[in-house]
Amino acid sequence: MKKVLILGGGFAGVDAAAHLRKLDYDVTLVSNRDYFYIYPTSIWIPTHESDFKDVCVDLKELQRAHGFKLIIDEVAAISKENNSVTLANSGVISDYDYLIIAMGASKMKAPGIENTLSICGAPEQSLQIRDALDALIEKGSGKIAMGFGGNPKDSSAVRGGPGFELLFNVHNMLKKKGIRDNYELTFFAPMAEPGKRMGPQALKMMDVMFKKLNLKQHFGKKIKQFKKDGIVFEDDTKLESDLTMFIPAGDGHQVIKNSDLPINEAGFIKTDDYSCVVNEDGSMSNIYAIGDVASLEGYDWRAKQGHVAEVMAKNTAHNIDQRDNGGSDFKGYHEHLNILCVMDTGDGAAFVYRDEKRAFMLPLPVIGHWLKKGWGIYCRNSKLGKIPRIPGM
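Bear in mind that the values here come from a model prediction, so they are computed numbers and not experimental data.

Glancing now at the overall build of the protein. Counting secondary structure elements, the protein contains eight helices and 23 strands. For 393 residues, the compact-globule estimate of 2.2 N^0.38 gives 21 Å, and the C-alpha radius of gyration of the protein, at 21 Å, lies within 12% of that figure. Among the 393 residues that make up the protein, the fraction classed as buried is 53%. In the protein, of all internal contacts separated by at least 6 residues, the share reaching a separation of at least 24 is 64%. By element, 50% of the accessible surface of the protein is carried by carbon and sulfur atoms, the whole surface being about 17600 Å². Taken as two groups, the 49 positive and 50 negative side-chain charges of the protein have centres that lie 4 Å from each other.

Okay, structure coming up:
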């Protein structure tokens, strides 16, 4: 039985482990935390609609469900040449036939970033945002700014959707409490048209929503630094804020940057369409990179999302099995590139979709919120193998 070592316990890593176990591989998964975190539903932790435990799935439960081996540890180094991975506490592992890297991305660090909290950062930050909101509500008034940034070296390394969702949910929460008028809510971003990658229709609808909900906009100015009481922009103007939620753009993982793996300018691992790291002579190596850690090639509007990571994971398991059985029917991720999300507002949602042929946003009043809630339940139980997986979900 061939051995596969997987680094990362997120969407890509967990799915790769599950698919490979079905193909009867000896799989070891390494994660730096002991739970799988459902980031898309973490937007409800700050508004008390979900508890932290609702967004977590114990990796030991997933281990029992799928039969992979589990190591909780930090990855310290990766060597392509030596076919080895060094863990912070568990030493060197080198007896694998295939290595799948699914460690996610690091975050770009703007000056003063410590004065912000991120809904897409360390999971614990969702609780800190919740506590900061609670403190502002107790105070009775305040200014809240939420936004996201981009990486000029890799346009795919951006995640703005959760920022929009959290702002809409906070608006809805304050409205339910009857205190919305006491708070100034602003969305900020350095690009002139944040959300443009969702398509022109979505961009127009977002503008209508912002005006309808009295959400201020601060777009098109680069961020100079974050301070405790706000954001300073390149022209030295300042957006005052009592609470700043900021989602930094993704950046290459430092362990990857320090390795001998081929990387792009931003530090993401270069692969072919089959998610395989290619040797200098053009042959396929025994290393695959999936999810946010990989360089995502394709359309200008492409974005790193969980469903793309899951496609990469499923394809990688298939491709490894093909190689070991003398096949060549490899599957790539490029044909599956699209933007797909249910953007929740707390009292409804909008279905957003874009591929190379079309782009649209479909409002889903009321039912959309419960559809996303239902997806969260589906995600947990399908990962645990309790209910069947639905293709594309």
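Turning to the sheet that holds strand β15 (residues 230–233), a few remarks are in order. Pairing is antiparallel across the open sheet formed by three strands, whose spatial order is β14-β15-β16. Whereas interior strands pair on both sides, the edge strands pair on one side only; in this sheet they are β14 (223–227) and β16 (238–240). Taken over all neighbouring pairs, the strand axes of this sheet differ in orientation by 15 degrees on average, direction set aside. In this sheet, β15 lies alongside β14 in antiparallel orientation, the contact comprising four bridges. Its bridge partner being in β15, Q225 is matched across the sheet by V232.

For the structure shown, the criterion picks out 21 salt bridges. Between D15 and R389 there is a salt bridge, with the nearest N and O atoms lying 3.3 Å from each other. With D15 in helix α1 (residues 11–22) and R389 in the segment after α8 (367–383), the pair connects residues that are 374 residues apart, well separated along the chain. Between E165 and K372 there is a salt bridge, with its nearest N and O atoms 2.7 Å apart.

Where α1 meets helix α7 (residues 306–324), the closest approach of the two axes is 8 Å, and the angle between their N-to-C directions is 30 degrees. Judged on the interaxial angle alone, α7 and α1 are roughly parallel. The two elements α1 and α7 meet at a crossing, and its hand is right-handed. Residues F11, A12, D15, A16, H19 and L20 of α1 touch α7, and the partners they reach there are G306, A309, E310, A313, K314, A317 and I320. Considered class by class, the residues forming the contact of α1 with α7 number eight nonpolar, two polar and three charged.

Aromatic ring pairs are described here by two measures, namely the spacing of the ring centres and the angle between the planes. Applying the stated criterion across every chain, the model contains 19 aromatic pairs. Seen in terms of ring centroids, Y35 and Y37 are 6.3 Å apart; in terms of plane orientation they differ by 70 degrees. Their pairing is edge-to-face. On the basis of relative accessibility, which here comes to 13%, the residue Y35 falls in the buried class. Aromatic ring contacts, followed pair by pair, group F148, F164, F168, F187, F210 and F219 into a single cluster. If you follow K304 out to its NZ or CZ, it ends over the ring of F268, 3.3 Å from the centre. Sitting over the ring of W44, K373 keeps its end group 4.3 Å from the ring centre.

Here we come to helix α3 (residues 124–139). With 16 residues, α3 should cover 22 Å at 1.5 Å per step; its first-to-last C-alpha distance of 23 Å lies within 8% of that length. Those residues of α3 not exposed but buried are Q125, S126, I129, L133 and L136. One face of α3 carries all of its buried residues, which in axial projection span an arc of 105 degrees. Summarising the contacts, the buried residues of α3 are in contact with β3 (35–37), β11 (142–148), α4 (161–176), β12 (183–189) and β17 (243–247).

The topology assignment puts H307 in helix α7. We classify H307 as buried; its relative accessible area is 16%. A polar contact is formed between the side chain of H307 and the side chain of N338, at a distance of 2.7 Å. Other than its neighbours up to four places away in sequence, H307 contacts N338 and L340.

Pairing is mixed in the open sheet, where six strands are placed in the order β5-β2-β1-β9-β20-β19. Unpaired on one side and paired on the other, β5 (69–72) and β19 (276–278) mark the two borders of the sheet. Neighbouring strand axes in the sheet, compared pairwise and without regard to direction, differ in orientation by 25 degrees on average. Sheet topology places strand β1 (residues 3–7) next to strand β2 (residues 26–31); five bridges connect them, and they run parallel. Considered in β2, the bridge of V4 is made with V27. Where α1 meets the sheet, its contacts fall on β1, β2 and β9 (98–101), and the angle it forms with β2 comes to roughly 170 degrees. Packed onto the sheet, helix α2 (residues 59–66) meets β2 and β5 and runs at close to 165 degrees relative to β5.

The next point concerns unusual backbone geometry. Positioned with a positive phi, N83 is a non-glycine residue whose angle comes to about 50 degrees. Among the structural elements, N83 can be located in the loop between β6 (75–79) and β7 (84–87).

A separate point is the pairing of β15. Residues in a regular strand project their side chains so that they alternate between the two faces of the sheet. Of the two faces of β15, the one holding G230 and V232 and the one holding I231 and F233 are both buried throughout. Here β14 folds back onto β15, and the loop between the two strands holds two residues. Pairing of β15 with β16, which is carried by three bridges, proceeds in the antiparallel orientation. If you follow G230 over to β16, its bridge partner there is E240. Linking β15 back to β16 in an antiparallel pair, the connection comprises four residues, with D236 at a positive phi of about 70 degrees.

Definitions and limits used
- Residues numbered from 1 in each chain as written.
- Predicted model: local features only at pLDDT ≥ 70, side-chain atom pairs only at ≥ 80, totals over all residues.
- Heavy atoms only, no water.
- Helix = DSSP H or I, 4+ residues; strand = E, 2+ residues; numbered from the N terminus.
- Rg over C-alpha atoms; globule rule 2.2 N^0.38 Å.
- Buried < 20%, exposed > 50% of the residue type's maximum accessible area, 1.4 Å probe, protein only.
- Contact = heavy atoms within 4.5 Å.
- Areas by Shrake-Rupley, 256 points an atom, 1.4 Å probe, with all protein chains shown as cover.
- Lys, Arg positive; Asp, Glu negative; His and termini not counted.
- Charge placed at Lys NZ, Arg CZ, Asp CG, Glu CD.
- Pairing = 2+ DSSP bridges.
- Axes fitted to C-alpha atoms, helices over the stretch in contact; angles between N-to-C directions.
- Salt bridge = Lys/Arg side-chain N within 4 Å of Asp/Glu carboxyl O.
- Parallel < 35°, antiparallel > 145°, perpendicular 65-115°, else oblique.
- Left-handed = near helix turned anticlockwise from the far one by under 90°.
- Nonpolar A, V, L, I, M, F, W, Y, C, P; charged D, E, K, R; others polar.
- Phe/Tyr/Trp six-rings, centres within 6.5 Å; stacked < 30°, edge-to-face > 60°.
- Lys NZ or Arg CZ within 6 Å of the ring centre and 35° of its normal.
- Expected span 1.5 Å × (residues − 1).
- Arc of directions from axis to C-beta.
- Polar contact = N/O pair within 3.5 Å; in protein donor to acceptor, adjacent residues only side chain to side chain.

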